[in-house]
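Each chain is listed here by its residues.
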Number of protein chains: 2
Amino acid sequence: MALFLSIGDFSRATHLTVKTLRHYHELGLLEPADVDPATGYRRYSVGQIPAAQVIRRFRELGMPLEEIRTVMAAPDLGTRNRHIAAHLSRLEEELGRTQRAVASLRALLTPSDADAVADISLREVPGASAAAITETVDMRDGAAWMQGALGELYATVAGQGLAQTGPAGGLFSEPVFTEHYGESTIFVPCDGPVRPMGRVRPISVPAAELAVIEHAGPPIESDRAYGALAAYVSRHALAVQGQIREYYLVGQRDTAEVARWRTEVCWPVFRVGS
Amino acid sequence: MALFLSIGDFSRATHLTVKTLRHYHELGLLEPADVDPATGYRRYSVGQIPAAQVIRRFRELGMPLEEIRTVMAAPDLGTRNRHIAAHLSRLEEELGRTQRAVASLRALLTPSDADAVADISLREVPGASAAAITETVDMRDGAAWMQGALGELYATVAGQGLAQTGPAGGLFSEPVFTEHYGESTIFVPCDGPVRPMGRVRPISVPAAELAVIEHAGPPIESDRAYGALAAYVSRHALAVQGQIREYYLVGQRDTAEVARWRTEVCWPVFRVGS
DNA sequence: GCGAGACTCTCCGGTAAGGGGAGACGCCAC
DNA sequence: GTGGCGTCTCCCCTTACCGGAGAGTCTCGC
């Protein structure tokens, strides 16, 4: 029986490409039965077809060549099985990772009913110039500080003859929420150059993409809104490091009836989905 | 405000390694706000932290850098979402592949009850020398041919004064099953050198790892056994190209009662599991 | 015996997403 | 001015091959 095959024939017999076979030869994973010393031509025996097929099967199952080599060289079933089991658990881990990634991506693209109920919207806001007061404050005194700052801002803007171009707002750094103490800014957008006066300074409120939820009642009671927003953002958007923002649509200046105040809580995100 | 960060600080702020940041710079995916022309030092602005975090999130979800670049450059939600959806479906595909691989590997390692019922075993058989008759036959005449060959073999072995060292058997190439016509060998293992005589030639039956099922009744009715064995091998072993083998444990020479014949059907495999 | 076309050889370079390290230079505090 | 970091560029390494260049080999037909 003619039992030797050229690399091309062996390739067709095993469905491994010629390149792959040469690669396996180089690695010593599957050495041809014989190499012609004059021409360098590889010759494979038909008896090597089974080994080649086993290698191909393991490759289809994603096993690295090094591990395949170990498995094929292992004389006893126990060693073989240990390596196969090790590969299996690696695959299972990868499976879990991929599943989580798929779930995340799906959540990004498909808004759930719960979010619709919570009435969260995504919005792109342009940058704006504003008069602002920035201080590091203890948020236990937050409400009082905020009202004082707002009063000073309104007075300064009016005193400099500037027109307000949108609702007042606030910018809060992360420690404000994690440690109830941190840098906070209250601002009033206005149309002209602000001259520094008292605590008031000009700033430019940066453009941003925001996830927005509206909260009715005193701003200090906005924790439910924050919770809903954070839950939404963590599942359906790409949270982005940046200052949390509030816009005071209806506040002290509009009505003394605190229950009618309306505040927008805004979380910076990278917009995708809906 | 001091808004510029060295690459080290930016790395700590974004949890991207310095190497990774340089790589993204080189690709133009995330360019530092400024590069000192004298020293080459990169400086990042705090405003770039969000972009870096978005990139990191997408990388954690396995998105290729090229696609991240496209997503981040896309001005409208539709384009962003299309690319994210494309990545999602790629991931789902990969998920399916990994799931199938995991299932395959698990099946290799854990024999099922069905296999125990089918009574399949794995066995390693050493090589053996034998007297054999090899011909290309039409399997519609298989039973008759086989009995004739067996008779001639037994006669020749006895005539040459050789001792039989195991049950007679057969080796069948693939076309025998797919086209009912192909090269078949019937052999009787024996302990000495066989002199060619008539159709009889010496061969060495190669060593092999075999999945084995036992079939009771005439060999011609072994299709159920073949089905069970093939099902087993495809799920719980690594089938290997090689000749299918049969061993005739109890046959014509032992009893005329065909129902008491016993045949082992053997499929070459790469042994793993149980 | 010779030429065409198919086959094979080695070597080089490329892939994705960075990691590791060498050697040189910059920055800051003491 | 000096020691200890931080940063720079440049090069090689990883996995499992694929693509191609340029040269040599085999086989078939004439």
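All values derive from a computational prediction rather than experimental measurement.

Definitions and limits used
Residues numbered from 1 in each chain as written. Chains lettered and ligands numbered in written order. Predicted model: local features only at pLDDT ≥ 70, side-chain atom pairs only at ≥ 80, totals over all residues. Helix = DSSP H or I, 4+ residues; strand = E, 2+ residues; numbered from the N terminus. Rg over C-alpha atoms; globule rule 2.2 N^0.38 Å. Buried ≥ 20, exposed ≤ 12 C-beta atoms within 10 Å, placed from the backbone. Contact = placed C-beta atoms within 7 Å. Least-squares fit on C-alpha atoms with pLDDT ≥ 70 in both. Pairing = 2+ DSSP bridges. Axes fitted to C-alpha atoms, helices over the stretch in contact; angles between N-to-C directions. Near = placed C-beta within 6 Å. Nonpolar A, V, L, I, M, F, W, Y, C, P; charged D, E, K, R; others polar. Parallel < 35°, antiparallel > 145°, perpendicular 65-115°, else oblique. Left-handed = near helix turned anticlockwise from the far one by under 90°. Domains from an automatic or database assignment. pLDDT = per-residue confidence, 0-100.

**Comments concerning the overall build of chain A**
Broken down by element type, chain A carries nine helices and twelve strands. Radius of gyration (C-alpha) of chain A: 33 Å, far over the 19 Å computed for a compact globule of 274 residues. Once the C-alpha set of chain A is aligned to its principal axes, its extents read approximately 105 × 35 × 30 Å. Within chain A, the fraction of its 274 residues that count as buried is 33%. When contacts within chain A are restricted to residue pairs at least 6 apart in sequence, long-range pairs at least 24 apart make up 69% of them.

**Focus on the interface of chain A and chain B**
If you look at the interface, chain A gives 36 residues, while chain B gives 36 residues. Those elements that provide at least two residues to the side of chain A that touches chain B are α3 (49-60), α5 (77-109) and β12 (262-270) of chain A. In terms of residue count, the dominant contributor to the side of chain A that touches chain B is α5 of chain A (20 residues).

**Considering the relation of the copies chain A and chain B**
Under the fitted operation, chain A is carried onto chain B by 0.1 Å of movement along the axis and a turn of 180°, and the coordinates agree to an RMSD of 0.2 Å. The transformation relating the two chain copies, once decomposed into turn and shift, fits a two-fold axis. Minimal C-alpha separation from the rotation axis in chain A is found for Leu95 of chain A, amounting to 3.2 Å. Most of the interface of chain A is mirrored in chain B, where 100% of its interface residues are also at the interface.

**Focus: the sheet that holds strand β2 (residues 34-35) of chain B**
All names here are of chain B. Pairing is antiparallel in the open sheet, where three strands are placed in the order β1-β3-β2. Every other strand in the sheet has two partners, leaving β1 (4-6) and β2 as the edge strands with one partner each. Together, β1 and β3 (42-45) form the strand contacts of helix α1 (residues 7-14), whose direction differs from that of β1 by roughly 100°.

**A few points about the protein's contact with DNA strand C**
In the region of DNA strand C, 17 residues are neighbours, and Ser6, Gly8 and Arg42 of chain A together with Lys19 and Pro64 of chain B sit closest. When contributions to the surface near DNA strand C are tallied by element, the ones reaching two or more residues are α1 (7-14) and α2 (18-27) of chain A together with α2 (18-27) and α4 (65-73) of chain B. Residues that form the surface near DNA strand C fall into these classes: five nonpolar, seven polar and five charged.

**Considerations on the protein's contact with DNA strand D**
Around DNA strand D lies a shell of 17 residues, among which Pro64 of chain A together with Ser6, Gly8, Gly40 and Arg42 of chain B are the nearest. Looking at the surface near DNA strand D, the elements with two or more residues in it are α2 and α4 (65-73) of chain A together with α1 and α2 of chain B. Top contributing element to the surface near DNA strand D by residue count: α2 of chain A, with three residues. Here the residues of the surface near DNA strand D are counted per class, giving five nonpolar, seven polar and five charged.

**Regarding the sheet that holds strand β2 (residues 34-35) of chain A**
Residue and element names in this part refer to chain A. Here we have three strands laid out as an open sheet, ordered β1-β3-β2, and antiparallel in their pairing. Edge positions in the sheet fall to β1 (4-6) and β2, since each has one partner strand and no second. Relative to strand β3 (residues 42-45), β2 runs antiparallel, the two being bridged by two bridges. Bridge pairing in β3 links Val35 to Arg42.

**A closer look at the packing of α4 of chain A against α5 of chain A**
Residues and elements named next belong to chain A. Orientation of α4 relative to α5, taken along the N-to-C sense of each, is 155°, at an axis distance of 8 Å. Between α4 and α5, the angle falls in the class roughly antiparallel. The chirality of how α4 crosses α5 is left-handed. On α5, the residues touching Glu67, Thr70 and Val71 of α4 are Arg80, His83, Ile84 and His87.

**Re the domain arrangement of chain A**
With domains assigned, chain A is organised as domain 1 (4-73), domain 2 (79-110) and domain 3 (116-270). Put simply, the middle of domain 2 of chain A and the middle of domain 3 of chain A, counted by C-alpha atoms, are 42 Å apart.

**Concerning the confidence of the model for chain A**
On average, residues of chain A score 87 in pLDDT, and 95% of them reach the 70 mark or higher. At the level of individual helices and strands, chain A shows its lowest average pLDDT in helix α6 (residues 113-118) of chain A, which scores 63, and its highest in α2 of chain A, which scores 97.

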